[in-house]
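Single-letter residue listing:
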Amino acid sequence: MHPPGWYILFFYTFVNMQIALSNVIKERAKTIGFDACGLAKACLLSHEMTNFDNWLQEGYEGEMEYMHNYRHIRKNPDLLQKGAKTVLVCLSNYYPQQLQAKDLPQIAKYAYGRDYHKVLLKMQKRLLNSIREKVNCEGRIFVDSAPVMERSWAVKAGLGWIGKSGMLISPTVGVHTLISGMVLNIEVDNYDQPMQRSCGKCSRCIDFCPGKAIIEPGVIDANKCLSYLSIEHRGLFPENTSLQNNIFGCDVCIDVCPFNKKTPHQITDFIPPKQRIELNTAEWEKLQEEEFNALFNGTPVKRTKYKGIKRNLKSL
Ligand code: SF4
Ligand code: SF4
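Residues numbered from 1 in each chain as written. Chains lettered and ligands numbered in written order. Predicted model: local features only at pLDDT ≥ 70, side-chain atom pairs only at ≥ 80, totals over all residues. Heavy atoms only, no water.

**A closer look at the pattern of salt bridges**
Under the convention used in this document: Should a side-chain nitrogen of Lys or Arg be within 4 Å of a carboxyl oxygen of Asp or Glu, the pair is scored as a salt bridge. Per the convention used, a helix needs a DSSP run of H or I reaching at least four residues, while a strand needs a run of E reaching at least two, with both numbered from the N terminus. Each residue is assigned to one of three classes by its accessible area relative to the maximum for its type, calculated with a 1.4 Å probe on protein chains only: buried under 20%, partly exposed between the two thresholds, exposed over 50%.
Counted according to the given criterion, the structure contains eight salt bridges. Of the charged contacts in the structure, one is a salt bridge between aspartate 255 and lysine 109, with a shortest N-O distance of 2.7 Å. One end of the pair, aspartate 255, is in helix α8 (residues 252-255); the other, lysine 109, is in the loop between β3 (106-107) and α4 (116-134), with 146 residues separating them in the sequence. According to the relative accessible area criterion, lysine 109 is buried, its value standing at 10%. Salt bridges sharing common partners tie together Lys109, Asp251 and Asp255.

Okay, structure coming up:
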């Protein structure tokens, strides 16, 4: 006995929807402006959490006390999104269209433009809505703010590997990448697999790190890292600290990486007004708080506050 026509139609429509879903998600991510998108099966990050705990135990997090919070959620995506089945991860290249002159106090490249949390959150919301047009689901978005091990998920989603610098290395997008994504409560037809690649014999990030902060491959002691010191550290610096012309952040370990693509980004919000990236030391010194707030409003540089910038200036 043949199944009825309506059943065949329903069956093939359902199968087709499932087969196409991973491709549809990736296509839509691309249309929205992400440079890469991968899909990982949701699971417990037990091994990654052990490494993270060992890192905390060494005190390598410095004063970033918040790193100790929500460890159970970091480990288990189901606590972020009930019924978690899939972790969708996107990469966004932020390599600037125009670089600061090398002799000026340097701002980390990710901080030239509008705060990426806001920019990428908006893009992720568009992506989630777009997925919901295709399939009924719930998703919890993360943009470097929720307790999520973004780099580990990016590796699981086949987007790259964690280099000796501790950063995600994407052989296609490069190293100046921001990670965002979402935990979904639906399965997809096809999951990506981690890449079988590594840094090999390269050690440029370790050799060039100005703070000698890369203790061993992939392990960073924040207490020595100029990025941490110039942004997260509160109060005065330890004696003899030199930020080596980095007024906010430090890009050395990624700039020297052979996987640095130097391909300019295409995100309008990341383009700064010229004035923001052309300040010389004397102009930074003269800058009043209101001027600083006006010039850097809505950018990551505000995180260190005017007081922090003034402190950093003394240690360039
Ligand atoms: S950000 Fe700078 S100081 Fe920190 S690990 Fe990288 S190169 Fe070293
Ligand atoms: S600089 Fe070399 S060792 Fe460091 S992350 Fe890049 S490829 Fe790996």
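**Here we look at helix α12 (residues 305-314)**
For clarity, the cut-off: Any two residues whose heavy atoms approach within 4.5 Å are treated as being in contact.
Along α12, the residues classified as buried are Tyr306, Gly308, Ile309, Arg311, Asn312 and Leu313. Where α12 is buried, its residues meet α7 (226-231), β10 (246-248), α10 (281-286) and α11 (289-296).

**Details of the site of ligand 1**
Basically, it comes down to this: We define proximity as follows: a residue is near a molecule or strand when any one of its heavy atoms falls within 4 Å of that partner. Throughout, the ten residues Ala, Val, Leu, Ile, Met, Phe, Trp, Tyr, Cys and Pro are labelled nonpolar, Asp, Glu, Lys and Arg are labelled charged, and all others, Gly among them, are labelled polar.
Within the structure, ligand 1 sits among Cys209, Pro210, Ile214, Cys225, Leu226, Ser227, Cys250, Val252 and Cys253. Looking at the shell around ligand 1, the elements with two or more residues in it are α7 and α8. Across the shell around ligand 1, the residue classes tally to eight nonpolar, one polar and no charged.

**Re the domain arrangement of the protein**
The condition that has to hold: The domain boundaries here were taken from an automatic or database domain assignment. The quantity reported as buried area is the accessible area (1.4 Å probe) lost by two parts once they are put together, taken as the sum for both.
Parsing the protein into structural domains produces domain 1 (5-101 + 109-184) and domain 2 (204-314). Centre-to-centre separation of domain 1 and domain 2, based on C-alpha positions: 25 Å. The partner domain 2 presents 45 residues to the 41 residues of domain 1 that form the contact. Regarding the contact of domain 1 and domain 2, the summed buried area is about 3600 Å², with carbon and sulfur atoms giving 60% of it.

**A word on the side chain of threonine 177**
Inspection of the secondary structure puts threonine 177 in strand β7 (residues 177-184). Other than its neighbours up to four places away in sequence, threonine 177 contacts Ser92, Asn93, Tyr94 and Leu168.

**Section: the site of ligand 2**
In the vicinity of ligand 2, the contacting residues are Gly163, Lys164, Ser165, Ile169, Cys199, Cys202, Ser203, Arg204, Cys205, Cys257, Pro258 and Phe259. The residue inventory of the shell around ligand 2, partitioned by class, reads seven nonpolar, three polar and two charged. Counting contributing residues per domain, the shell around ligand 2 is built from domain 1 (5-101 + 109-184) and domain 2 (204-314), each supplying no fewer than three.

**Here's the deal with the nonpolar core**
Put simply, the rule reads: Residues grouped as a nonpolar core are buried Ala, Val, Leu, Ile, Met, Phe, Trp, Tyr and Cys residues, joined through side-chain atoms within 4.5 Å.
Counting 42 residues, the largest nonpolar core has Phe52, Val89, Leu91, Trp153 and Leu159 as its most contacted members. Secondary-structure elements contributing two or more residues to this core are β1 (36-41), α2 (46-57), β2 (86-93), α5 (150-156), β7 and α7. Here this core gets four residues from one element, more than from any other, and that element is α2. When residues of this core are sorted by domain, at least three fall in each of domain 1 (5-101 + 109-184) and domain 2 (204-314). If you look at the next biggest cluster of nonpolar residues, it comprises 34 residues, including Leu21, Met123, Leu178 and Leu184.

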